[in-house]
Structures are given as C-alpha cells and as structure tokens.
Amino acid sequence: MAPLLLLPPLVLALIGLRGGEPAPQRHPALATLPARMVWAWERPEDLRWLPRDVGVAYVAASVVLRGDEAIVHPRMAPLLTADGVARVPVLHVDASWREPPALNALQAERVVRELLRVAQRGNRHVVQLDFEVRRSQRPFLARVMAEARRRLPPGMALSVTALASWCLDDHWLPSGLADEIVPMAFRMGPGEQALRQRLRRDGFPRHACRHAAGYATDEPGLRGVNPRSYYFSPRPWTPATWRAETNPTQPPT
C-alpha cells in the first residue's frame, strides 16, 4: 500500500490560489470523450439505444464516510450500453450527516484506492470523482485529489464534479489537480434564477471550469454553457427523456 500524502495547510492554500490561473494543458485522454455524456446513477439502466456519439459516465462504486469508517459499495445495478460507447467510471462519495466522518488518513486512503480500482473499468482512460463536500471538508477533498493525481497513471485523466458555486464566486478548488472540472449547473439553491442568467450571459469565469458542465433533465433549459455536457436524470433514462433533452420542444412521455 502506497503511503498517503498529507499536504500541510500552507501547500493547500498555495494550490488553491484563486483567479488568474494560467490556462492548463488539456489531458489528451479527454479528447477521446464525446461532447455529450449521460450520467448513469446506481440503478438499472439499459442505454443501448443511445446515439453512438453519446458517452456514459456511470457510478461504478460509492463510498460512505461515517465516523471512522469508509464503507465501499460496488455497483450492483445492471448497466447495458452498446459496444464501443465511451464509458467513464464514476466514484461517488458521501459524507454522513448523522455520523460526521473523522476525515482521517485511513478514510482518504480508502477513497483513493477505490478511485484507482474503478479507474480500470472504463474504456477512455478517464475516471471521475463525485464528492460534494461542505466547507469544513474541503481540505480533505483537496488531499484526496492530490493523492489520486499522484498515484493515477500519467495517461489517466481525472475528472471532478463541482458545485456551480465552486466555479463562480466561491472557487476554492485546488489548481492543477483535476484534468476536467464539471460544474453542476443545476440544484443551485437560493438565487438560482440569477445564477442561470449570469451563466447564460457570462459562463463560468474560471478557465478550469470552462470545458464541461452538468445539467438536469427536470430543470429549465440551461445548455451549451461549456463544450462538453453531462446530463443527469432523476429517473431511469428512456429514449423519450433523451429526445426531450436534446429537443426541448418535445416533452418526455
């Protein structure tokens, strides 16, 4: 087992400098992903009907952080896709509200090891980390990202989802650790309408957040903010849901 790299607060502050960051070089593996991706959550999904130019980012495993524990739940729900479709494994991490996690080194190690494991289950050399942390948990996520980037093969791109606020006025994410940041332009909370208008007008101001974005099928259209789109559906995907998403004038059945 490789030792976990614990970054001191000063280093975390330095890698999290805000604004004015240079344009990073894009990881070549990201060029193999299509411009449209659907998220397949932990539920049965038959996506063989998807157009061949649409990829699938699927939850390959989940980790629940609770107290001193890090409980791994491998994906159990079946997932069917057509041959050759781009598949990106996603590690979903939850921090318990009832039993707040200690966020210790062993928990960080478990998350990183699981990310390395599921990274082998895709076909485009891209793995995605989905971990919505509270403000007090941000240093833990920064350590996980740093250690994951250190131990992933150089040819493997690290994609990380982010709250939209993290790519707007609260852009705390460490620079240079994620090869792709996917701000989720949905469920944005109070002031959502103003945020939508701002995104339509200006997009995301931080350069690292301008390459991909996530949208939800059950919210009013906010599309094309960034070149690559990830689509979330709160219900199992159907051809009708996808048609409605790509042709907003046609409601799903």
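Everything below is about the structure shown above.
The text that follows walks through the structure, step by step, so that each part is easy to find. (Residues numbered from 1 in each chain as written. Predicted model: local features only at pLDDT ≥ 70, side-chain atom pairs only at ≥ 80, totals over all residues. Heavy atoms only, no water.)

## Description of helix 3 (residues 138-151)
- Between its first and last C-alpha atoms helix 3 spans 20 Å; for 14 residues at 1.5 Å apiece the expected length is 20 Å, and the two agree.
- Most of helix 3 sits out of view: twelve of its 14 residues are buried. (Helix = DSSP H or I, 4+ residues; strand = E, 2+ residues; numbered from the N terminus. Expected span 1.5 Å × (residues − 1). Buried < 20%, exposed > 50% of the residue type's maximum accessible area, 1.4 Å probe, protein only.)

## A look at the packing of aromatic side chains
- Counted according to the given criterion, the structure contains nine aromatic pairs.
- Consider the rings of Trp 166 and Trp 172, whose centres lie 5.3 Å apart with planes at 80°: the pair is edge-to-face. An identical accessibility class is assigned to Trp 166 and Trp 172; each is buried.
- A ring pair is formed by Tyr 231 and Trp 242, whose centres lie 5.4 Å apart and whose planes are at 85°; its orientation type is edge-to-face. (Phe/Tyr/Trp six-rings, centres within 6.5 Å; stacked < 30°, edge-to-face > 60°.)

## Quick notes on the environment of Arg 201
- For Arg 201, the position within the fold is in helix 4 (residues 192-202).
- Expressed as a C-alpha distance, the spacing of Arg 201 and Val 225, which sit 24 residues apart in the sequence, is 9.3 Å.

## Re the pattern of salt bridges
- Taken as a whole and assessed by the stated rule, the structure comprises 19 salt bridges.
- A salt bridge links Arg 228 to Glu 180, with the shortest nitrogen-to-oxygen separation between them at 2.7 Å. Here the residue Arg 228 occupies a position in strand 11 (residues 228-232), and Glu 180 occupies one in strand 9 (residues 180-184), the gap between them amounting to 48 residues. Glu 180 shares its class with Arg 228; the two are buried.
- Between Glu 219 and Arg 187 there is a salt bridge; the shortest N-O distance is 2.9 Å. You can see Glu 219 sitting in the loop between strand 10 (212-216) and strand 11 and its partner Arg 187 sitting in the loop between strand 9 and helix 4, a full 32 residues away along the chain. (Salt bridge = Lys/Arg side-chain N within 4 Å of Asp/Glu carboxyl O.)

## With respect to the nonpolar core
- Counting residues in each nonpolar core, the largest one holds 65 residues, and the members touching the most others are Leu 65, Leu 91, Leu 129, Phe 131 and Phe 204.
- Non-local contacts of Leu 65, meaning those with residues more than four positions away in its chain, are made with Ala 70, Val 93, Asp 94, Ala 95, Ser 96, Glu 99, Pro 101, Leu 103, Gln 107, Val 111, Phe 131 and Phe 140. (Core = buried A, V, L, I, M, F, W, Y, C linked by side-chain atoms within 4.5 Å. Contact = heavy atoms within 4.5 Å.)

## Some words on the state of the cysteines
- This structure, assessed with the given rule, holds one disulfide.
- Residue pairing for Cys 167: its cysteine sulfur links by disulfide to Cys 209, the two sulfurs lying 2.1 Å apart. Across the S-S bond linking Cys 167 and Cys 209, the dihedral sits near -65°, which makes this disulfide left-handed. Placement of the pair is Cys 167 in the loop between strand 8 (157-163) and strand 9 and Cys 209 in the loop between helix 4 and strand 10, with a sequence separation of 42 residues. (Disulfide = S-S within 2.5 Å.)

## Points about the environment of Ala 146
- Inspection of the secondary structure puts Ala 146 in helix 3.
- In this structure the C-alpha to C-alpha distance between Ala 146 and Val 112, which are 34 residues apart in sequence, comes to 9.7 Å.

## Looking at unusual backbone geometry
- Here the phi dihedral of His 125 falls at roughly 55°; this positive angle occurs in a residue that is not glycine.
- A relative accessible area of 54% places His 125 in the exposed class.
- The backbone phi angle of Arg 187 is positive, close to 50°, even though this residue is not glycine.
- By relative accessible area, which is 42% here, Arg 187 ends up partly exposed.

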